[in-house]
Each structure stands twice: as structure tokens, then as C-alpha cells.
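Residues per chain are reported as follows:
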Amino acid sequence: MLGQMQDRPLLISSLIEFAALYHGDVEVVSRSVEGPIHRYTYADAQQRSKQLAQGLIGMGIEMGDRVATLAWNGYRHLECYYGVSGMGAVLHTINPRLFPEQIAYIANHADDRIILTDLTFVPLLEAIADQLAEVAAFVILTDRDHMPETTLPNVHCYEELLAAQQGDYAWPSFDEKTASSLCYTSGTTGNPKGVLYSHRSTLLHSFSSTSRDVLGLHSGDTVLPVVPMFHVNSWGIAYTAAMCGAKLVLPGMGMDGASLFELLDGEKVTISAGVPTVWLMLLQYLRDNDKKLPHMDRTVIGGSAAPATMIETFENDYDVTVVHAWGMTEMSPLGTICTMKPKMADWSYDDRLAVKRKQGRTVYGVDMKITDDDGNELPRDGKAFGHLMVRGPWVTSGYFKAEGGTVIDDDDWFDTGDVSTLDRDGYMQITDRSKDVIKSGGEWISSIELENIAVGHGEVAEAAVIGIAHPKWDERPLLIIVRNEGSAIEGPEILEFMKGKIATWWMPDDVTFVDEIPHTATGKIQKLVLREQFADYKLPTA
Ligand code: ADP
């Protein structure tokens, strides 16, 4: 027997419709690319999103067409989020930090029909325009006064496009499983691959995000996503903020400490979200300028592991609760979030900190397990570590255009490529990426743990560990170090420092020094490049 409740589709347009109706006076504040701070309301945002939808329809865009953006976090980008997906087209948010050839590749792979771009990225697009033959038009996200001289073909001015529309547009209704947006993973290996979200997956992810045990976003919050809208939909915040009517503050290209502080303080931001590197810069600015964050309640840190010192500094010096989170493009992105359980309330700070360093506990809606190389499930004891597998309604079932082939097993489990522990309360701790873990004599060594210990040495600026082929053990760890400026530290001193902090068989077989460690567009160490660079390296123990 079927239930009798209404089968109304979960659509992204309903988010902005709701925000405009019931939080119509709530502000969206943006640092514009042109310079000044821009303010308007959710009611304005919906009106202009509808004008954009009309403008795109006028340019020939139909349901399912891909419409791309190259843009910072700002109000016009927000209008693209709702205008494009709302009319049933697919919003493809391109990461402008990718190499130009990669941008051309993904724009072509996605069959982007129109690219909407901030002024900043016009030169970048001009340089690859001849490779973008299928793109019918470029829309520059600015007004007539700021339109640049450009060699781009078929150029439109965004404000003129909007001004020509009435905005008397009703959001269409369609199947909630319709594709809504497309985001390519930055591709540490091979070509970038597209993750195609649906309206349904986006809405379910948003419901989860707003719940108290997850981001807990609510109408009393003012949220500033530092995480870019071209990086997994700013971790979904562009949607969740509208779902709960939170005031939204968009930092544009101002990611430096001073610019961020101006908005955090001036707009009385209560919650923010970003990767550790951004917070390092902000903390440095606060320290140097003797500033505090009196309005801020919590900050979400993810994308890479939040260092313990960062958590302690935010909590003890600035009274801002750190919420560590983990996820990935393939998961919309949220998988775990490190909120405390009641039984931890009277634990010592150090014990609580040990929990906070974990990537967090599993959110409702995501199934999670860890397995060994043969696919056998490992115990949830917080000690065993294995391949982290996930499934759920906001986890991908495969990449766009079947790139990379089948990526889930018969029971829908998706291999995250991360290696982790899991405990009975659902807390997950990443120990490595599966392709980076070092397999020594059939046992696994966590490269991340070795790196974390090495960077604890005062003269080490950055550390990376890779496995080097070994005749007896299969692989043994090589520690690659960037010294602090002026330091002349040598390998034996670093190894001495690491002694006793790990099992003896985890100790690196050798230490080598480089001027620079290569990073991906999202700031992660490119181990693949390092492995190529050190392919012929001979360990002294071999
Ligand atoms: P890309 O960096 O390629 O754009 P994602 O942003 O999807 O891809 O990155 C997802 C990966 O980032 C995860 O699989 C994990 O390895 C890493 N990651 C994300 N959050 C954390 C975290 N809190 N701690 C450690 N690693 C993390």
C-alpha cells in the first residue's frame, strides 16, 4: 500500500522562492568585483534570478543545457545559481584556479553553451577562446560602465541582459531528479571528472546541513562562506542559507585577512566556512593587528585536516567553536561533521580536542563503512583503518558522461579514496588517501601521520611522504622536506625528532630536501607529481 502524501518535487527554485517570501528583507551582502560593497535582499535576489532565467531563455537556453560560471562568491553568481538551475538548465561552476588547458577541457567536456564570467577572468577566457568553439556566447557579470575591451566573441553585458527582462516569470515544475548543477573534481590523477547533482540531492543535502547536529544554520545566523561557490557549491551554503533565511555575506575576491576581517566584523558574521589555509591567514591578521571576533560563534573547517593548533587558537583565543568537517565533490560534499556528543561535555579539553581533530561523525543520510583490500568490512573500533566507503542520496552514482567507468559496487558503495578509522559513535578519522598510503611488508603506513609529525619540528615549513619501491618490503617511506627560510637542518635531526612518536617500522628510510612541494588547484599536495619526480630514487636501505 502506498502512502497518500503529496509527491511534490524538491526543486532548487523553491529555496529562493521561500527566502524571498518569508525572509524577503534579509540581506545578501557582497564584496563586488568592481570594488564597492553591494547590498540587497533575498526578495531582490529572486527577482533578478527570474530576470536571468528569462534572459537565458531568450538566448536559446533550454532545459538540460549547461550554462557555466567563472565567478567569485558574489550576488550575481548567486543569481546564476537560482536562475540557471531554477529554469531547469544545469549550472556548471568552473574552478578558475585550474590550468587554462583544464578549463578548456572541462568547458568542452560539459558542452557549455554560455559562460558567465566575472571581469577578473576575461583575460583567461580570451587566451583559450579559440578552444571554446561550441560556446555560443559569453556574458560578463558587470554593468555597461565596467564592460572591458575584449576579443571574446558574442559578448553580452549581464546588467543589460537583466534590464531587458520583465521578471514576470514563474519557476517551472519538473522531475526532482533533473540535473541541477555540475562540478568537476580538480583531478589529482587524470582528467577532471564531472559530478552531476540533481535538484533532489541538493535539497536533501540542504535539509541535512541545516540540522542542529550538522551545520545548524538558522535564520539567526549571518553566514560568510569563504569556500568558493566554484568549489562544491560553497559546500552547499548558497542553498542552505536561503533554506533557513540566514543573512548571507559573500567575500568576492577578498580572501586576505584584512578583507575577510572587515566583513566578519562589520556584518556581524556568526558562522563561516573554509579551508585551513584561509584561516591561517586570518589568524595571522588577527594576531598582528590585535583584533577579536566578538560576533562569531563557530567556524567550519574542511577540505584538508584542521591542525590542532588552529582549533585551539580559534577556541581559546577568540572564543569561536571549530567544527571540523569532511566531504568531497562526489558527496555534495558533506559526509561527516565534528560536533560533540553529550557524554563529552565533562571531558578534559585535551580529550575533547582529540575528538575535534577527527574529521567528524557520520551525518544522517550517508552510510559509511571501512573495508580491507578484499572488501571485507573492518571493525568500528576507532583503531582499524581501511578504505572509506560511502553511499546515500547525495553521493554520486558515476561521473558525467561515464568518465572513469563504474565507480560504485552492486550495493551502491562508492570508494572515497580515503583511508580512515571509524568508531562506534560514527566518528571518522582520515589516516591517508588510499593511493598515498605506504604498503610495507603487507602493513599500511599513514603518510599523513608522518607528515604531521615532521611539520611539528620548528625548522620544517612543509613535509610530504611518499612510498619508494623496496626489494624486501615492497615500499618504504621517503620524507620530503621544505626547510624554513634560513634553516640548514639535516635529515638525521628530523628523524631523531620523530623517534618515539611513531612505531619504529613507520620511521622514514630517508629524508630529502626540496625548495617547493607541488600543490593542486585546491591546495592539496600533488603526490603523483612527487612520485614521478622521485621515481628513480634509491633508498639507502634498498
Ligand atoms: P578536490 O580537492 O579534488 O576538489 P574535493 O574537494 O572533493 O576534491 O576533496 C575531497 C578530499 O579532500 C577528500 O576525499 C579528502 O581526502 C580531503 N578532505 C576533505 N576534508 C578533509 C578533512 N577535514 N581532513 C582531511 N582531508 C579532507
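Check the entry above for the structure.
Residues numbered from 1 in each chain as written. Predicted model: local features only at pLDDT ≥ 70, side-chain atom pairs only at ≥ 80, totals over all residues. Heavy atoms only, no water.

1. Considering the environment of Arg144
- Locating Arg144 in the fold gives a position in the loop between β6 (137-140) and β7 (155-157).
- When the C-alpha positions of Arg144 and Val122 are compared, they lie 15 Å apart, and in sequence the two are 22 residues distant.
- If sequence neighbours within four positions are ignored, Arg144 has contacts with Cys157 and Glu160.
- Side-chain polar atoms of Arg144 contact the side chain of Glu160, separated by 2.7 Å. (Helix = DSSP H or I, 4+ residues; strand = E, 2+ residues; numbered from the N terminus. Contact = heavy atoms within 4.5 Å. Polar contact = N/O pair within 3.5 Å; in protein donor to acceptor, adjacent residues only side chain to side chain.)

2. Describing the nonpolar core
- Membership of the largest hydrophobic core comes to 80 residues, with the highest contact counts inside it found for Tyr42, Tyr82, Leu116, Leu248 and Trp326.
- Looking at which domains feed residues into this core, each of domain 1 (13-26 + 35-212 + 229-237) and domain 2 (367-433) gives three or more.
- Once you skip the residues sitting within four places of it in the chain, Tyr82 turns out to touch Ile12, Leu15, Ile16, Ser49, Met87, Trp171, Ala238, Tyr239 and Ala242.
- In terms of nonpolar packing, the next biggest core, distinct from the first, is built from 56 residues, Ala104, Ala107, Ala129 and Phe400 among them. (Core = buried A, V, L, I, M, F, W, Y, C linked by side-chain atoms within 4.5 Å. Buried < 20%, exposed > 50% of the residue type's maximum accessible area, 1.4 Å probe, protein only. Domains from an automatic or database assignment.)

3. Considerations on the packing of aromatic side chains
- Scanning all chains against the criterion turns up 12 aromatic pairs.
- Relative to Trp171, the ring of Tyr169 lies with its centre 5.6 Å away and its plane at 85°, an arrangement referred to as edge-to-face.
- Using a relative accessible area of 16% as the deciding quantity, one classes Tyr169 as buried.
- For Trp171, a relative accessible area of 12% translates into the label buried.
- Relative to Trp506, the ring of Trp505 lies with its centre 6.0 Å away and its plane at 80°, an arrangement referred to as edge-to-face.
- The exposure class of Trp505 is partly exposed, given its relative accessible area of 38%.
- Look at Trp506 and you get buried, because its relative accessible area is 11%.
- Through a chain of ring-to-ring contacts, three or more aromatic side chains come together here, namely Trp72, Phe121 and Phe230.
- When the ring centre of Phe513 is taken as origin, the NZ or CZ atom of Arg483, which lies over that ring, is 3.8 Å away.
- Lys501 extends its terminal NZ or CZ atom over the ring of Phe497, reaching a point 3.8 Å from the ring centre. (Phe/Tyr/Trp six-rings, centres within 6.5 Å; stacked < 30°, edge-to-face > 60°. Lys NZ or Arg CZ within 6 Å of the ring centre and 35° of its normal.)

4. Overview of helix α12 (residues 308-318)
- By the burial criterion, the buried members of α12 are Ala308, Met310, Ile311, Thr313, Phe314, Glu315 and Tyr318.
- Those residues of α12 hidden inside the fold are in contact with α11 (276-289), β13 (298-301), β14 (321-327) and α13 (349-356).
- Of the residues trailing α12, Asp319 is marked for its positive phi of about 55°.

5. Remarks on the pattern of salt bridges
- A complete count under the given rule lists 29 salt bridges for this structure.
- Between Arg200 and Glu176 there is a salt bridge, with the nearest N and O atoms lying 3.4 Å from each other. Of this pair, Arg200 sits in helix α7 (residues 199-210) while Glu176 sits in the loop between α6 (158-163) and β8 (179-184); the two residues are 24 residues apart in sequence, bridging distant segments of the chain.
- The closest approach of N and O atoms between Lys341 and Asp425, which form a salt bridge, is 3.3 Å. Taken together, the positions of Lys341 in the loop between β15 (334-337) and α13 and Asp425 in the loop between β19 (414-422) and β20 (427-433) put the pair 84 residues apart, joining distant regions of the chain.
- By relative accessible area, Lys341 is classed as partly exposed at 24%.
- One network of salt bridges, in which partners are shared, links Glu34, Arg48, Arg76, Glu79 and Glu159. (Salt bridge = Lys/Arg side-chain N within 4 Å of Asp/Glu carboxyl O.)

6. Quick word on the packing of α11 against α12
- Orientation of α11 relative to α12, taken along the N-to-C sense of each, is 40°, at an axis distance of 11 Å. Taken together, the axes of α11 and α12 lie oblique to each other. Of the two possible hands of crossing, α11 and α12 adopt the one that is left-handed. Taking contact as the criterion, the partners of Pro276, Trp279, Leu280, Leu283, Leu286 and Arg287 in α11 are, on α12, Met310, Thr313, Phe314 and Tyr318. (Axes fitted to C-alpha atoms, helices over the stretch in contact; angles between N-to-C directions. Parallel < 35°, antiparallel > 145°, perpendicular 65-115°, else oblique. Left-handed = near helix turned anticlockwise from the far one by under 90°.)

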